[in-house]
Amino acid sequence: MVLDLGGAFRSLARLFSGAAVSDSAPGGSMAGSGETSDVFISTLVATVWQRRLAWGVVAVSILVFLVAAPFAKVPLVKVPAFIPIYESALVINDLITAILLFGQFGILRSRALLVLAVGYLFTAFVAVAHALTFPGLFAPTGLLGAGPQSTAWLYMFWHGGFPLFVIAYVQLTDGVRASLRLSGRPALTVVCCVGAVLAAVCGFVQLTTTGQSLLPNIMQGNHYTSTMIGVVSSVWALSMLALIFLWRRRPHSVLDLWLMVVMCAWMCDIALSAVLNAGRFDLGFYVGRIYGLLASSFVLAVLLLENGLLYARLAEAHASERHKSAELEAANRDLESFSYSVSHDLRAPLRAIDGFSKMLARGYSEQLDDEGKRLLGVVVANCKQMGQLIDDLLAYSRLGRQPLRRQPVDLSDFVSQIFDGLRTSQPERVIEFMVGALGSAQIDPSLFKQVLVNLISNAIKFTRDKTPAVIEIGREDGGDAPTIYYVKDNGAGFDMRYAERLFGVFQRLHSNTEFEGTGVGLAIVQRIINSHGGRIWADAKVGEGATFYFTLSAAGTVDGVASKSNASGQENN
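Residues numbered from 1 in each chain as written. Predicted model: local features only at pLDDT ≥ 70, side-chain atom pairs only at ≥ 80, totals over all residues. Heavy atoms only, no water.

1. Some remarks on the overall build of the protein
Summing up its helical and strand segments, the protein has 13 helices and ten strands in all. Counting over 573 residues, the protein shows a buried share of 44%. Residue pairs at least 24 apart in sequence account for 75% of intrachain contacts in the protein once pairs closer than 6 positions are excluded. Taken as a whole, the protein presents about 28,900 Å² of accessible surface, with 62% of it coming from carbon and sulfur. (Helix = DSSP H or I, 4+ residues; strand = E, 2+ residues; numbered from the N terminus. Buried < 20%, exposed > 50% of the residue type's maximum accessible area, 1.4 Å probe, protein only. Contact = heavy atoms within 4.5 Å. Areas by Shrake-Rupley, 256 points an atom, 1.4 Å probe, with all protein chains shown as cover.)

Here's what the structure looks like:
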């Protein structure tokens, strides 16, 4: 039997972090989270099984607390290595938790996550200061100019500060405040927060060392004074208040759930190590700090499991994309082969029909009446149209497989050259052709030529009943928005009710008796514009003309001078 480690890991991650909802338990994503709601523990609603697991951890914590509480004052052997080991592990846990929460803030831009991350960073920095000032650890009275009250007061600020950050987190996740997102660069925000926390911790250290005379005495040697009970009770009450805030917030996210577990462990820590015990190095002192270490680990464990699951999903998605890409490449090869095969198979009988029709017209013209000659002309014209349709379809099918080869192109000159080539087919018409200052753009010249040829050819075609025909090509600068280019004519126009059909294959708004065409040209135009990262749309009025607008991504424009020319090469003022 093969052991599926990946499946086991995913199941464990789902149980703790809620990255996927259990089939047998209700749950889902929190409102307003968008596509990220099924990924992050801060936006996922806790399922029944996750709540049961969390409350199970709380029940065990309370049971151990009830067993240890009567013996909290029992003195134990002083273990000098305990404090550095405990606080080093705690600092590492809190720093990693803060980094992971800052990372989620960088994605979600959530102010609540930012505040919570700052809270964990605050506990890590204060824990470092607590260790440095602990008497007898690095110096008899501690470093940083510490006195007999410094370490105890740092503990109070530490354990009273974190619940305030949790309360702020809850307040920022409720109502309208939850939808507000910080703008600007997340990295700069994080750096500013780190600096602010460091400054705040330095202020607390300054107060508890050089300014300790301003604070009441709560330590007498390794034992607590009567003042300690009032101070530590206030700190414990803040943790209870944070737990109440978390509990009242509904629905509970997975992060909310495990923060409640943290606050329960936090209260057990304070009660055992500062309320029920007699002083340092008794049973309550040691067990309480073990609770504190566990409290720092719960959210970290959930975040790490969540990250592991995200990596597993990423690996699966990457493997799936590679498989799909291989299938797509094979399908494209088959499609290309099929296209050329169909093209050849269709052209052969088409050429035969066209050739025999022309031979019939030449060899038997004297025997055919006017109706017969007209019908042969219809056959030849339809053969020509069918040939053009096959060419257009092949061009359309090749677009998806043709890579872009961008280069800077002066659009004004490019457009004028294309028009000069097109107007030679109708030298008898008077067309006022106006080219504005289009500047230059990064485009694929061979592909983009098809865009302009189709748009300008359509403008020439649909203005055949206008004298003079007016075709204008220009641009509209939108400031920070992409530059909009347009091709405008005073031709037949169309009914805007059918505008959504314009860019579909074989979609035509005029019959062949009115204006010839295959119905593929604008589909080709849209596909090329999309491949350049832009979009195309149209505006028109029946009998007054049409304007086609399009944008391009990464288009660099420069100032130019508008030029005008007519079909005979003269200036139009």
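2. Let's talk about the nonpolar core
Residues Tyr-120, Met-156, Trp-258 and Met-263 are the most contacted members of the largest nonpolar core, which totals 92 residues. Counting residues per element, the ones that place at least two in this core are helix 2 (48–68), helix 3 (82–108), helix 4 (111–133), helix 5 (150–172), helix 6 (186–209), helix 7 (226–248), helix 8 (254–275) and helix 9 (283–363). Core analysis: the second largest hydrophobic core is formed by 42 residues, Val-409, Ile-418, Ala-459 and Ile-460 among them. (Core = buried A, V, L, I, M, F, W, Y, C linked by side-chain atoms within 4.5 Å.)

3. Some words on the pattern of salt bridges
Tallied over the full model, the rule gives four salt bridges. For Arg-249, the salt bridge identified is with Asp-256, shortest N-O distance 2.0 Å. Across the pair, Asp-256 and Arg-249 agree in class, each one buried. (Salt bridge = Lys/Arg side-chain N within 4 Å of Asp/Glu carboxyl O.)

4. Examining helix 2
Residues lying three or four places apart along an α-helix face the same way, a consequence of the helix completing one turn every 3.6 residues. The end-to-end C-alpha distance of helix 2, which contains 21 residues, comes to 30 Å, matching closely the 30 Å that a straight helix rising 1.5 Å per residue would cover. If you check which residues of helix 2 are buried, you get Gln-50, Ala-54, Val-58, Ser-61, Phe-65 and Ala-68. When helix 2 is viewed along its axis, its buried side chains cluster within an angular range of 90 degrees and face the same direction. The exposed set on the far side of helix 2, more than 90 degrees from its buried face, consists of Arg-52, Val-60, Leu-63, Leu-66 and Val-67. (Expected span 1.5 Å × (residues − 1). Arc of directions from axis to C-beta.)

5. With respect to the packing of helix 3 against helix 6
How two helices sit against one another is set out by the angle between their axes and by the gap between those axes. Axis separation between helix 3 and helix 6 bottoms out at 10 Å; the angle between their running directions is 145 degrees. Between helix 3 and helix 6 lies a crossing whose hand is right-handed. On helix 6, the residues touching Phe-102, Phe-105 and Gly-106 of helix 3 are Pro-186, Thr-189 and Val-190. Within the contact of helix 3 with helix 6, the residues separate by chemical class into four nonpolar, two polar and no charged. (Axes fitted to C-alpha atoms, helices over the stretch in contact; angles between N-to-C directions. Left-handed = near helix turned anticlockwise from the far one by under 90°. Nonpolar A, V, L, I, M, F, W, Y, C, P; charged D, E, K, R; others polar.)

6. Comments concerning helix 11 (residues 411–423)
Between its first and last C-alpha, helix 11 extends 18 Å over 13 residues, near the 18 Å set by a 1.5 Å rise per residue. Listed in full, the buried residues belonging to helix 11 are Leu-411, Ser-412, Phe-414, Val-415, Ile-418, Phe-419 and Arg-423. Down the axis of helix 11, the buried set is contained in an arc of 160 degrees. They therefore lie on one face. Capping of helix 11 at its N-terminal end is provided by Asp-410; its side-chain oxygen lies 3.1 Å from the backbone amide nitrogen of Ser-412. (Polar contact = N/O pair within 3.5 Å; in protein donor to acceptor, adjacent residues only side chain to side chain.)

7. Here's the deal with unusual backbone geometry
A cis amide bond, omega -5 degrees, links Arg-250 with the succeeding residue Pro-251. Inspection of the secondary structure puts Pro-251 in the loop between helix 7 and helix 8. Backbone torsion omega between Thr-467 and Pro-468 reads -5 degrees, so that peptide bond is classified as cis. Tracing the chain through its elements places Pro-468 in the loop between helix 12 (445–462) and strand 6 (469–476). We note that Leu-144 has phi near 65 degrees; this positive angle belongs to a residue other than glycine. As for its placement among the helices and strands, Leu-144 is situated in the loop between helix 4 and helix 5. Although it is not a glycine, Phe-281 sits at a positive phi angle of roughly 65 degrees. Structurally, Phe-281 can be placed in the loop between helix 8 and helix 9.

8. Side note on a nonpolar patch on the surface
A cluster of nonpolar side chains, contributed by Phe-71, Val-74 and Leu-76, occupies part of the molecular surface with about 260 Å² of accessible area. Accessibility expressed as a relative area gives 41% for Leu-76, which makes it partly exposed. (Patch = residues over 30% accessible without salt bridge, like charges linked within 9 Å, V, L, I, M, F, W, Y side chains within 5 Å.)

9. Let's talk about the side chain of Thr-209
Turning to its location among the elements, Thr-209 is positioned in helix 6. Polar side-chain contacts of Thr-209 include one of 2.6 Å to the backbone oxygen of Val-205. A polar atom in the side chain of Thr-209 sits 3.4 Å from the backbone oxygen of Gln-206. With residues up to four places along the chain from it excluded, the contact list for Thr-209 reads Leu-144, Gly-145, Ala-146 and Ser-150.

10. So, the environment of Ala-131
Relative to the helices and strands, Ala-131 is located in helix 4. The exposure class of Ala-131 is buried, given its relative accessible area of 11%. Setting aside anything within four residues of it in sequence, one finds Ala-131 in contact with Glu-87, Leu-137 and Phe-138.

11. Considering the pairing of strand 5 (residues 440–443)
The side-chain alternation of strand 5 yields one buried face, formed by Ala-441 and Ile-443, and one unburied face, formed by Ser-440 and Gln-442. As paired strands, strand 3 (residues 407–410) and strand 5 are joined by four bridges and run antiparallel to one another. The residue bridging Pro-408 from the neighbouring strand is Gln-442, located in strand 5. (Pairing = 2+ DSSP bridges.)

12. Observations regarding the packing of helix 7 against helix 8
For the pair helix 7 and helix 8, interaxial distance at closest approach is 9 Å and the crossing angle is 165 degrees. Considered as vectors, helix 7 and helix 8 are oriented roughly antiparallel to each other. For the pair helix 7 and helix 8, the crossing hand works out as left-handed. Between helix 7 and helix 8, the residues in contact are Met-228, Ile-229, Val-232, Val-235, Trp-236, Ser-239, Met-240, Ala-242, Leu-243, Leu-246 and Trp-247 and Asp-256, Leu-259, Met-260, Met-263, Cys-264, Trp-266, Met-267, Ile-270, Ala-271, Ala-274 and Val-275, respectively. Of the residues assigned to the contact of helix 7 with helix 8, the class counts are 20 nonpolar, one polar and one charged. (Parallel < 35°, antiparallel > 145°, perpendicular 65-115°, else oblique.)

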